[in-house]
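# Chains, contacts and geometry: an overview
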Amino acid sequence: METKLTGLSVISVGILGLALIMLTACATPKASEKGRSEVWGQTCGGCHYNYSPSSFNDSEWELLVHHMRQRAYLTAEEQRLITEFLKAAN
Ligand code: HEC
């Protein structure tokens, strides 16, 4: 019971934090640039090292992120943010 409650509140703090990040990301272009790279950094380095954006060109990234979407269970929004970041940074 005690641990369940603690687990739940950790999750809600996480969700709140995520909502905050998303809110700030929408507020200014600069923050949204940061939001993209953070989504990429947190999502894509979990299974392998983070391939540098310059490793692939725009159309290769379109395909690769689509492929990784299935592996990493990305939402459409995450896929969009990550693709935008990689195409802007390569
Ligand atoms: C659940 C684990 C997992 C996550 C999360 C993940 N990948 Fe991968 N990735 C793999 C595996 C496994 C391979 C190699 C086999 C394959 O291509 O399916 C791979 C291969 C790659 C390659 C190499 C492809 C090549 O042709 O050399 C790139 C680039 C890549 N991932 C990018 C990403 C990006 C960008 C993200 C974030 C959206 C991501 N990965 C998230 C598991 C993951």
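Given the structure is predicted, the values throughout are model-derived calculations rather than measurements. (Residues numbered from 1 in each chain as written. Predicted model: local features only at pLDDT ≥ 70, side-chain atom pairs only at ≥ 80, totals over all residues.)

Positive phi is not limited to glycine here, since tyrosine 73 has a value of about 50°. With 9 C-beta atoms counted inside 10 Å, the residue tyrosine 73 sits in the exposed group. (Buried ≥ 20, exposed ≤ 12 C-beta atoms within 10 Å, placed from the backbone.)

Before going further, it helps to examine the site of the ligand. The local shell around the ligand holds 13 residues, among which Cys44, Cys47, Tyr51, Met68 and Ala72 are the closest. At the level of secondary structure, the elements contributing two or more residues to the shell around the ligand comprise α2 (29–44) and α3 (58–72). Per element, the largest residue contribution to the shell around the ligand is five residues, and it comes from α3. Across the shell around the ligand, the residue classes tally to nine nonpolar, three polar and one charged. (Near = placed C-beta within 6 Å. Helix = DSSP H or I, 4+ residues; strand = E, 2+ residues; numbered from the N terminus. Nonpolar A, V, L, I, M, F, W, Y, C, P; charged D, E, K, R; others polar.)

Interaxial distance between α3 and helix α4 (residues 76–89) falls to 10 Å at its minimum, and their mutual angle equals 150°. The angle between the axes of α3 and α4 places the two elements in the roughly antiparallel class. In terms of crossing hand, the pair formed by α3 and α4 is right-handed. Together, Asp58, Trp61, Glu62, Val65 and Arg69 of α3 and Gln79, Ile82, Thr83, Leu86 and Lys87 of α4 make up the contact between the two elements. When its residues are assigned to classes, the contact of α3 with α4 shows four nonpolar, two polar and four charged. (Axes fitted to C-alpha atoms, helices over the stretch in contact; angles between N-to-C directions. Parallel < 35°, antiparallel > 145°, perpendicular 65-115°, else oblique. Left-handed = near helix turned anticlockwise from the far one by under 90°. Contact = placed C-beta atoms within 7 Å.)

Across its 14 residues, α4 extends 20 Å between first and last C-alpha, which sits within 8% of the 20 Å expected from 1.5 Å per residue. Listing the buried residues of α4 in full gives Leu81, Ile82, Thr83, Phe85 and Leu86. (Expected span 1.5 Å × (residues − 1).)

A few words now on α3. Helix length check: α3, at 15 residues, gives a terminal C-alpha distance of 20 Å against a target of 21 Å (1.5 Å per residue), a fit within 8%. Positive phi shows up at tyrosine 73, right after α3, with a value of about 50°.

Quick look at the nonpolar core now. Among the nonpolar cores identified, the biggest contains nine residues, and these are Val39, Trp40, Cys44, Trp61, Val65, Leu81, Ile82, Phe85 and Leu86. For this core, the elements supplying multiple residues, two or more each, are α2, α3 and α4. The leading source of residues in this core is α4, at four residues. (Core = buried A, V, L, I, M, F, W, Y, C linked by C-beta atoms within 7 Å.)

The quantities given are spatial measurements derived from coordinates; they are silent on function.
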